[in-house]
Amino acid sequence: MRMDPRVLSRINDVVSVLENDYSRVLLDHLADMVEHHAAWQTSPTVSRGTIHEIAHDIRGVAATFGRPLAGQIATRICAVLDQTSDDVPVIDEHLDALNHVANLTPEPGGAFAKLVLKRLDELKNDALATDHDATNEADV
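Residues numbered from 1 in each chain as written. Predicted model: local features only at pLDDT ≥ 70, side-chain atom pairs only at ≥ 80, totals over all residues. Heavy atoms only, no water.

Novice: Whenever I open this one, the environment of Pro68 confuses me. Can you help?
Specialist: With respect to the helices, strands and loops of the structure, Pro68 is situated in helix H3 (residues 68-83). On a C-alpha basis, the gap between Pro68 and Ile58 in space is 9.9 Å, while along the polypeptide they are ten residues apart. (Helix = DSSP H or I, 4+ residues; strand = E, 2+ residues; numbered from the N terminus.)

Novice: Even after reading the chapter, I still don't get the packing of helix H2 (residues 44-61) against H3, so can you show me in this structure?
Specialist: In helix packing, the relevant descriptors are the interaxial angle and the interaxial distance, both defined with respect to the helix axes. Between H2 and H3, whose axes approach to 8 Å, the crossing angle comes to 150°. Crossing angle aside, the handedness with which H2 passes H3 is left-handed. Residues Arg48, Ile51, His52, Ala55, His56, Ile58 and Arg59 of H2 form the contact with H3, whose participating residues are Ala70, Gly71, Ala74, Thr75, Ile77, Cys78, Val80, Leu81 and Asp82. Taken together, the residues of the contact of H2 with H3 break down into nine nonpolar, four polar and three charged. (Axes fitted to C-alpha atoms, helices over the stretch in contact; angles between N-to-C directions. Left-handed = near helix turned anticlockwise from the far one by under 90°. Contact = heavy atoms within 4.5 Å. Nonpolar A, V, L, I, M, F, W, Y, C, P; charged D, E, K, R; others polar.)

Novice: Sorry if this is basic, but what is going on with the side chain of Arg76 here?
Specialist: Mapped onto the secondary structure, Arg76 falls in helix H3. Setting aside anything within four residues of it in sequence, one finds Arg76 in contact with His94, Leu117, Leu120 and Asp121.

Novice: What exactly am I supposed to notice about the packing of H3 against helix H4 (residues 88-102) here?
Specialist: One way to put it is that H3 packs onto H4 with a least axis distance of 10 Å and a crossing angle of 170°. Considering their axes alone, H3 and H4 lie roughly antiparallel with respect to each other. Along its contact with H3, which presents Leu69, Ala70, Ile73, Arg76, Ile77, Val80 and Leu81, the element H4 presents Val90, Ile91, His94, Leu95, Ala97, Leu98 and Val101. Broken down by class, the residue content of the contact of H3 with H4 amounts to twelve nonpolar, one polar and one charged. (Parallel < 35°, antiparallel > 145°, perpendicular 65-115°, else oblique.)

Below, the structure is given as C-alpha cells:
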C-alpha cells in the first residue's frame, strides 16, 4: 500500500514538532533529576526513587522521539540504582552525560554514542566492584 506523499509530508511535520517538544520535556526531566540528586544526601530513599522513576520514564519514550542515546543513558541510570548502594558519584556522571546529550540536536549516534555508553558502563562496573569489596570487608 502506498501513501499519498502529502500525507507522509504532514506526518513528518507532526513527528518533527513532537521531537522538538520532547527535547523540552527531556530537559525538564533532567532538571528534576538533578534537583533530586542534590537532595539525595538529606533524603536518599525518596530522591533515589524519584530519580529512578524519571529515568524509567525517559528510557521508555526517548527513542520514539529521536533520542535513543538519552534513553540508553536513562536505562543505565536505572541499572546503577538497581545494582549499587547509594552511589551518588556514578549517578552524577550519568546525569552529566545525559545533560550533554539532551542539549544536542540532533542527538549524536555512532562511535560517539558507543564511547559514551562504554564509559558509563565502566563507571558502573567500577562502582559495583567497589560496592562488592566494601560488602566483603564488612562481613569479615
